[in-house]
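A look at the structure
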Amino acid sequence: ADFNSNTWAQISRVSQKGLAANAWRVGDKKTIHLQGTIGTLSVNQDVQAFIIGINHNSAKEGKNRIHIQIGKNTSGNPIAFCDSKYDNNVSSTGYFSMNSSNTNSGGWNATQMKNTILHSGTAPSNTGSHTFMSALPADLRAVMQSCTKYTDNTGGGFNDPSYVTATTEYLPLLAEFEVFGVRHY
């Protein structure tokens with residue numbers, strides 16, 4: 001029953017059968033090894049992936065899904081992946097920024113973060129080069145399932161419901177509201 005003791009294939013089978021909520025709880029962790037280059041950042045470390053939801057919003061995002069966030073160190077403390085341009089404006093691609101310039105044109109679906117850094121909208125079998133997806137363990141990528149997320153995919157506006165459309169994601173970032181409980185930006 002220990003989430004960390006199961007293989008990703010076992011976790012996937014339990015999830016697909018709709019039994020994950022009977023076996024595990026939000027907050028349960030599994031250690032994974034990240035290795036490779038993400039943008040310009042080289043990684044070679046153990047981190048914890050942890051459950052943030054089981055069958056969360058299943059009518060919209062997909063049934064029998066375990067929502068997992070990557071981002072705790074092996075002591076269980078939250079971490080963030082930052083590169084050498086942290087807290088700086090960037091004017092080129094490959095850094096952990098939403099875009100290579102100060103724009104939100106095209107919204108989430110067109111961001112450098114989604115397409116170049118995370119490689120979130122593409123099946124895990126196509127890892128891309130220097131992406132977060134390529135740094136994940138192969139056994140995890142082999143069982144990853146997509147989910148549908150609803151985001152502003154136009155950009156440039158504020159509070160316009162027509163800008164919100166569905167995207168298919170494998171490695172989505174949490175929305176501002178999901179992190180803070182409110183939306184300011």
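So, here's what we can say about the structure.

Thresholds, definitions, all that
- Residues numbered from 1 in each chain as written.
- Predicted model: local features only at pLDDT ≥ 70, side-chain atom pairs only at ≥ 80, totals over all residues.
- Heavy atoms only, no water.
- Helix = DSSP H or I, 4+ residues; strand = E, 2+ residues; numbered from the N terminus.
- Rg over C-alpha atoms; globule rule 2.2 N^0.38 Å.
- Areas by Shrake-Rupley, 256 points an atom, 1.4 Å probe, with all protein chains shown as cover.
- Lys, Arg positive; Asp, Glu negative; His and termini not counted.
- Charge placed at Lys NZ, Arg CZ, Asp CG, Glu CD.
- Buried < 20%, exposed > 50% of the residue type's maximum accessible area, 1.4 Å probe, protein only.
- Pairing = 2+ DSSP bridges.
- Axes fitted to C-alpha atoms, helices over the stretch in contact; angles between N-to-C directions.
- Core = buried A, V, L, I, M, F, W, Y, C linked by side-chain atoms within 4.5 Å.
- Contact = heavy atoms within 4.5 Å.
- Phe/Tyr/Trp six-rings, centres within 6.5 Å; stacked < 30°, edge-to-face > 60°.
- Lys NZ or Arg CZ within 6 Å of the ring centre and 35° of its normal.
- Salt bridge = Lys/Arg side-chain N within 4 Å of Asp/Glu carboxyl O.
- Polar contact = N/O pair within 3.5 Å; in protein donor to acceptor, adjacent residues only side chain to side chain.

Take the overall build of the protein next. Within the protein, the secondary structure is distributed over 7 helices and 5 strands. Listing every helix and strand of the protein by position from the N terminus yields α-α-β-β-α-β-α-α-α-β-β-α. Its C-alpha radius of gyration of 17 Å places the protein within 12% of the 16 Å reference for a compact globule of 185 residues. The principal-axis extent of the C-alpha atoms belonging to the protein is close to 45 × 35 × 30 Å. Of the roughly 10400 Å² of accessible surface on the protein, a fraction of 48% belongs to carbon and sulfur atoms. The averaged location of the 12 negative side-chain charges in the protein is 9 Å from the averaged location of its 14 positive side-chain charges.

It is worth spelling out the pairing of strand E3 (residues 66-72) at this point. Of all 7 residues that make up E3, 6 are buried, and the element is covered over most of its length. Of the pairings in the sheet, the one linking strand E2 (residues 41-54) to E3 comprises 6 bridges and is antiparallel in character. Counterpart to Ile51 in the pairing with E3 is Ile68.

A separate point is the sheet that holds strand E1 (residues 29-38). The strands making up a sheet associate through backbone hydrogen bonding, with each pair oriented either parallel or antiparallel. The strand order across the open sheet formed by 3 strands is E1-E2-E3, and the pairing between neighbours is antiparallel. Looking at strand neighbours, the two that pair on one side only are E1 and E3, the edges of this open sheet. Taking the axes of each pair of neighbouring strands and ignoring which way they run, one obtains an average angle of 40° across the sheet.

Quick look at the nonpolar core now. Soluble globular proteins: nonpolar side chains tend toward being buried together. Counting 30 residues, the largest nonpolar core has Trp8, Ile32, Leu34, Phe132 and Leu136 as the members making the most contacts within it. At the level of secondary structure, the elements contributing two or more residues to this core comprise helix H1 (8-16), E1, E2, E3, helix H4 (112-118) and helix H5 (132-135). Ranked by residues supplied to this core, first place goes to E2 with 6 residues. For Ile32, the contacting residues outside a window of four places in its chain are Trp8, Gln45, Asp46, Val47, Ala49, Ile70, Leu136, Pro137 and Leu140.

The next thing to look at is unusual backbone geometry. Of note, the phi angle at Asp87 is positive, near 65°, even though the residue is not glycine. Mapped onto the fold, Asp87 is located in the loop between E3 and H4. Accessibility expressed as a relative area gives 69% for Asp87, which makes it exposed. Within the chain, His119 stands out as a residue other than glycine whose phi angle is a positive 65°. Tracing the backbone shows His119 in the loop between H4 and H5.

Taken as a whole and assessed by the stated rule, the structure comprises 3 aromatic pairs. Above the ring of Trp8, the side-chain terminus of Lys30 is found at 5.6 Å from the ring centroid. The ring of Tyr150 carries Lys60 above its face, with NZ or CZ at 6.0 Å from the centroid.

Another aspect to go through is the pattern of salt bridges. The full count for this structure, using the stated rule, is 2 salt bridges. Its salt-bridge partner being Lys149, residue Glu61 comes within 3.2 Å of it at the nearest N-O pair. One end of the pair, Glu61, is in helix H3 (residues 58-61); the other, Lys149, is in strand E4 (residues 147-152), with 88 residues separating them in the sequence. Here Glu61 falls in the buried class, since its relative accessible area comes to 7%. Residue classification places Lys149 among the buried positions, given a relative accessible area of 14%.

You can call His119 buried: its relative accessible area is 12%. For His119, the side chain forms a polar contact with the main-chain oxygen of Asn126, separated by 3.0 Å. Once residues lying within four places of it in the same chain are set aside, the contact partners of His119 are Met113, Lys114, Asn126, Thr127, Gly128, Thr131 and Met133.

Here E1 runs beside E2; their pairing, made up of 10 bridges, is antiparallel. Paired with Gly36 across the bridge in E2 is Val43.

A word on the environment of Val90. Along the chain, Val90 turns up in the loop between E3 and H4. The spatial distance from the C-alpha of Val90 to the C-alpha of Gly53 is 33 Å, given a sequence separation of 37 residues. Excluding anything up to four places from it in sequence, Val90 contacts Lys85, Tyr95, Ser97, Asn99, Ser100 and Ser101.

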